[in-house]
Amino acid sequence: MNLLETFDELIGAWRDVFPQTRTFERARRLAFGLLVSVRMHLTSNAICATGRQFVDWTADYRVCSRSPWDAHRLFDPIFDQLPQLLTSPSAPVRMALDDTLCKKSSARIPGVCMGRDPMSPPFHVNLLYGLRFVQASILVTSPQGDGPARALPVRFDFAPPAKKPKQNKPKKSAPAISGPPQNLVPSLAASDVPPQPSPQTSPAANPDAEKQKQEWEAQWQAYQKEKKQRRLPQAGLNAIRSVRQSLDQRPETCQRQLIVSGDGSYTTRDVVRNLPARTTYIGRIRKDAKLHYTLAAAAGKSTGRPRWYGAQAPTPEQILRDDSIQAIQVRCFAAGKFHDIPVKVLREVYWRNAGADIPVQVVVIKPLAYRLRKGSKLLYRKPAFLICTDPNMDLQALVQDYLYRWEIECNHRDEKSLLGVAQGQVWNPQAVQRLPQLQVATYSLLLLASLLCSGFQRTADYLPLPKWRRQSARPSLLDLLNLLRHQIFARGVDAPVVSFDAFASAAVPAELKSSKLPLAAETLTTLAA
């Protein structure tokens with residue numbers, strides 16, 4: 001089965017997500033148009049790519065704005081096919097967690113916030129308007145268990161921060177002056193006009209001011225409550241719980257351990273202390289984090305408040321500098337090859353943010369040496385300080401799972417640069433968050449289709465690489481898009497196996513058809529739908 005047939009079969013699982021069959025057909029058509037469009041990935045370009053630019057296109061826009069469907073269910077085919085992608089029946093499920101900011105040009109779009117530009121130089125931080133999303137990606141590897149991993153997005157939740165309310169201050173009215181206007185009496189000096197006393201009113205005497213004050217206090221309290229609920233760690237925790245719930249709904253994955261890798265933004269008290277069952281978290285920690293050993297049993301009766309923590313343990317930075325703690329060489333795959341990474345570990349310690357009832361282990365990855373070119377000066381990378389909520393987890397698996405987290409950064413690059421996620425110019429509050437989720441779900445199904453067809457290797461089915469490119473270990477998203485377009489074009493010209501209802505010829509009225517042949521790119525995108 002080729003890539004096109006497998007991908008279309010996976011999208012066919014969306015039929016139960018949408019309330020009507022015609023809504024599913026529109027979403028399917030829109031997904032193909034957004035995926036293989038050769039220009040900006042806008043809804044209008046997707047409509048043109050599917051040959052519906054000469055008919056009523058309002059229904060295509062309403063797929064993401066009015067139709068009632070759950071965006072989380074678009075990722076159900078990933079969970080259904082997950083057991084056959086894992087290395088063994090008892091293998092854990094690895095997941096990477098991160099947030100991204102999709103750039104927008106207007107601050108009036110619903111949910112747009114101002115954030116730091118990740119492409120700005122480190123010595124001058126720039127700001128930009130954008131839509132914030134929290135993404136969770138399942139990490140799968142080859143059946144042999146070694147080599148690179150592939151990240152399959154399973155959540156792309158809209159996470160805008162709370163909007164601070166504006167206080168409407170009463171406008172100061174100009175004092176009324178009896179007599180003719182000043183411009184009509186030029187001989188009258190300002191000093192000759194007697195000052196008008198301003199009336200002093202108390203808040204109790206002004207019912208409108210008292211009512212306005214009460215409304216402002218209610219809005220401020222609601223804002224403070226909403227601010228806590230929309231914090232980034234809370235949004236990440238909601239994504240973890242949602243993925244855990246999807247795994248528990250399937251008998252083949254309900255008992256598997258979920259290992260989540262996150263950065264320092266999610267290594268907080270809210271996430272560590274509220275993890276769901278059968279879930280382990282690995283994340284970065286501050287180098288000056290306060291750690292404690294296990295509390296020793298008291299010899300006799302103690303006075304004062306009971307102690308919760310034992311003696312203070314060294315901080316992660318002190319562990320790095322302590323020569324008495326032996327460094328262990330761990331062999332892990334990263335950056336295209338295997339490396340022997342020196343690490344230090346401190347098990348069965350307690351972190352104050354996690355609490356006295358959650359033992360953790362702290363792993364310090366020593367700075368790795370590298371050279372910019374052969375014979376150049378030896379340089380060192382920055383050390384990494386990790387924390388794991390499972391104190392007995394294997395050290396090699398712990399470091400490898402965190403190194404695989406880089407694949408979610410590759411997802412962000414593909415989604416923004418090649419797929420144009422959130423480029424759609426929509427203003428409906430529901431469409432603002434649904435259209436990017438539809439694009440990410442389509443991207444995830446395309447990656448899954450490539451794994452089901454050709455595995456984790458770049459086979460001879462893909463188009464040949466240019467002469468200046470080296471043979472890659474796995475196909476990139478650009479390789480997948482080129483192969484998908486090639487198969488669509490070949491089957492549309494010869495004898496199509498996958499039928500798309502011939503909408504390109506049926507939708508265009510006869511009087512609007514042009515006698516000139518369309519361009520190759522336009523033909524390609526039209527056949528894609």
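The coordinates are above.
Let me begin by describing the structure that accompanies this report.

Reading the values: the criteria
- Residues numbered from 1 in each chain as written.
- Predicted model: local features only at pLDDT ≥ 70, side-chain atom pairs only at ≥ 80, totals over all residues.
- Heavy atoms only, no water.
- Helix = DSSP H or I, 4+ residues; strand = E, 2+ residues; numbered from the N terminus.
- Buried < 20%, exposed > 50% of the residue type's maximum accessible area, 1.4 Å probe, protein only.
- Contact = heavy atoms within 4.5 Å.
- Areas by Shrake-Rupley, 256 points an atom, 1.4 Å probe, with all protein chains shown as cover.
- Core = buried A, V, L, I, M, F, W, Y, C linked by side-chain atoms within 4.5 Å.
- Pairing = 2+ DSSP bridges.
- Salt bridge = Lys/Arg side-chain N within 4 Å of Asp/Glu carboxyl O.
- Axes fitted to C-alpha atoms, helices over the stretch in contact; angles between N-to-C directions.
- Parallel < 35°, antiparallel > 145°, perpendicular 65-115°, else oblique.
- Left-handed = near helix turned anticlockwise from the far one by under 90°.
- Phe/Tyr/Trp six-rings, centres within 6.5 Å; stacked < 30°, edge-to-face > 60°.
- Lys NZ or Arg CZ within 6 Å of the ring centre and 35° of its normal.
- Patch = residues over 30% accessible without salt bridge, like charges linked within 9 Å, V, L, I, M, F, W, Y side chains within 5 Å.

Along its length, the protein carries 15 helices and 14 strands. The buried share of the protein, taken over its 529 residues, is 45%. Within the protein, contacts between residues separated by at least 24 positions form 67% of all contacts whose residues are at least 6 apart in sequence. Of the roughly 29700 Å² of accessible surface on the protein, a fraction of 53% belongs to carbon and sulfur atoms.

Attention now moves to the nonpolar core. Formed by 102 residues in total, the largest nonpolar core has its most connected members in Trp 14, Val 243, Trp 351 and Leu 446. A per-element tally of this core places helix H12 (residues 429-454) first, with 13 residues. In terms of nonpolar packing, the next biggest core, distinct from the first, is built from 17 residues, Val 343, Val 345, Val 363 and Tyr 402 among them.

Another point: the pairing of strand S6 (residues 279-284). Judged by how many residues are buried, S6 sits mostly within the fold: five of six residues are covered. In the sheet, strand S5 (residues 258-262) pairs with S6 via five bridges, with the strands oriented parallel. Looking at the pairing, Val 260 lines up with Tyr 281 of S6. Pairing between S6 and strand S14 (residues 384-388): three bridges, direction antiparallel. In the sheet register, Ile 282 faces S14, and the bridge partner there is Cys 388.

This next bit is on the side chain of Ser 246. Summarising the element assignment, Ser 246 is placed in helix H7 (residues 232-248). Aside from chain neighbours lying at most four places away, what touches Ser 246 is Phe 79 and Arg 155.

Moving on, we get to the pattern of salt bridges. Using the criterion set out here, one finds 24 salt bridges in the structure. Where Glu 317 meets Arg 321, a salt bridge forms, and the shortest distance between an N and an O atom there is 3.3 Å. A residue pair is termed a helical-turn pair when its members lie 3 or 4 positions apart in one helix, as Glu 317 and Arg 321 do in helix H9 (residues 316-321) at four residues. Residue class for Glu 317 comes out partly exposed when judged on its relative accessible area of 26%.

Relative to the elements of secondary structure, Val 154 occurs in strand S4 (residues 150-158). The class for Val 154 is buried, based on a relative accessible area of 0%. Considering only alpha carbons, one finds Val 154 and Phe 75, 79 residues apart in sequence, at a separation of 5.4 Å. Other than its neighbours up to four places away in sequence, Val 154 contacts Phe 75, Ile 78, Phe 79, Ala 136, Ser 137, Ile 138 and Val 243.

Let's shift gears to the packing of helix H1 (residues 3-11) against H12. Contact pair H1 / H12: the axes reach a minimum separation of 9 Å and the direction vectors enclose 130°. As judged from the angle between their axes, H1 and H12 are oblique. As for how H1 packs across H12, the hand of that crossing is right-handed. From H1, Leu 3, Thr 6, Phe 7, Leu 10 and Ile 11 reach across to H12, where they touch Thr 442, Leu 445, Leu 446, Leu 448, Ala 449, Ser 450, Leu 452 and Cys 453.

Moving on: the packing of aromatic side chains. Tallying each qualifying case throughout the model produces seven aromatic pairs. Measuring from centroid to centroid gives 4.5 Å for Phe 133 and Phe 156, while their planes differ by 15°, and the two rings are stacked. You can see Phe 133 sitting in strand S3 (residues 127-140) and its partner Phe 156 sitting in strand S4, a full 23 residues away along the chain. By the burial criterion, Phe 133 is buried, and Phe 156 matches it. A centroid spacing of 5.2 Å and a plane angle of 75° characterise the contact between Phe 333 and Phe 338, whose relative ring orientation is edge-to-face. By relative accessible area, which is 12% here, Phe 333 ends up buried. Seen from the ring of Tyr 309, Arg 352 lies directly overhead, with NZ or CZ sitting 4.8 Å from the centre. Its end group placed over the ring of Trp 69, Arg 434 keeps NZ or CZ at 4.4 Å from the ring centre.

Before going further, it helps to spend a moment on a nonpolar patch on the surface. The grouping of Met 114, Val 125, Leu 127 and Tyr 129 at the surface amounts to a nonpolar patch, some 400 Å² of accessible area in total. Secondary-structure assignment places Met 114 in strand S2 (residues 113-116). Residue Met 114 is classed as partly exposed on the basis of its relative accessible area, which comes to 48%.

From the geometry alone we can't say anything about function, so treat these as descriptive.
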